[in-house]
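Reading the structure
Residues per chain are reported as follows:
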Amino acid sequence: MSNDVVEQTLDEAFPAVDPMMAPYGARVLVQLRAVKEKVTSAGLFIPEETKETEKWNTMIGKIIAIGPLAFKKRESMEPWPEGAWAQVGDFVRVPKWGGDRWEVDFQDDKGAKGRALFTFFSDHELIGKVTGDPLAIKAFI
């Protein structure tokens, strides 16, 4: 029996799930990285307490939608001079605290159940764009 560490794929970390909400104003909808269920190919599962801690402390997300005022001057709706620094599909670093978070239950095409975690942030609260592998960043705990 192999005890190889199971690496999470991008599809597992950011499953295609309907967040059931869309951002108003200058808010950005971000899907936070999902917590890995098991750590070894032999099936060693991560304890619930550890998964809960990781879930609420993760700070890497994928932009799902951008509100109509995001990255624009609020009074005139003109784009900021420096332009929008984030686009739908970008992976970003978000604040550990703040945002309005909620979960959506889902079932993948293999029948496995899970929960996707989403949050809204104001456009100016995004910390930075992830330019490398979003799964390699351990920005929690």
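Residues numbered from 1 in each chain as written. Predicted model: local features only at pLDDT ≥ 70, side-chain atom pairs only at ≥ 80, totals over all residues. Heavy atoms only, no water.

Right, let's get into the sheet that holds strand 2 (residues 60–66). As summarised here, the arrangement of the six strands in space is 4-5-1-2-3-6, forming an open sheet in which the pairing is antiparallel. Each end of this open sheet is capped by a strand with a single partner; those strands are strand 4 (100–107) and strand 6 (128–129). Two strands pair when backbone bridges link them, and strand 4 and strand 5 (residues 113–122) are joined in this way by eight bridges, in the antiparallel orientation. Bridge assignment links Glu 103 to a residue of strand 5, and that residue is Leu 117. (Pairing = 2+ DSSP bridges. Helix = DSSP H or I, 4+ residues; strand = E, 2+ residues; numbered from the N terminus.)

Our next topic: the pattern of salt bridges. All told, the structure shown has five salt bridges when counted by the stated rule. We note a salt bridge from Lys 73 to Glu 78, for which the minimum N-O separation is 3.9 Å. Looking at Glu 78, the relative accessible area reads 43%, which means it is partly exposed. With a shortest N-O distance of 3.2 Å, Arg 115 and Glu 103 are connected by a salt bridge. In this pair, Arg 115 sits in strand 5 while Glu 103 sits in strand 4, placing the two residues twelve residues apart along the sequence. On the accessibility criterion, Glu 103 (28% relative accessible area) is partly exposed. (Salt bridge = Lys/Arg side-chain N within 4 Å of Asp/Glu carboxyl O. Buried < 20%, exposed > 50% of the residue type's maximum accessible area, 1.4 Å probe, protein only.)

Turning next to the pairing of strand 5. Direction of pairing for strand 1 (residues 27–32) relative to strand 5: antiparallel, over a ladder of six bridges. Bridging across to strand 5, Leu 32 finds its partner in Leu 117. From the end of strand 4 to the start of strand 5, which pair antiparallel, there are five residues, and Gly 111 there has a positive phi angle of about 90 degrees.

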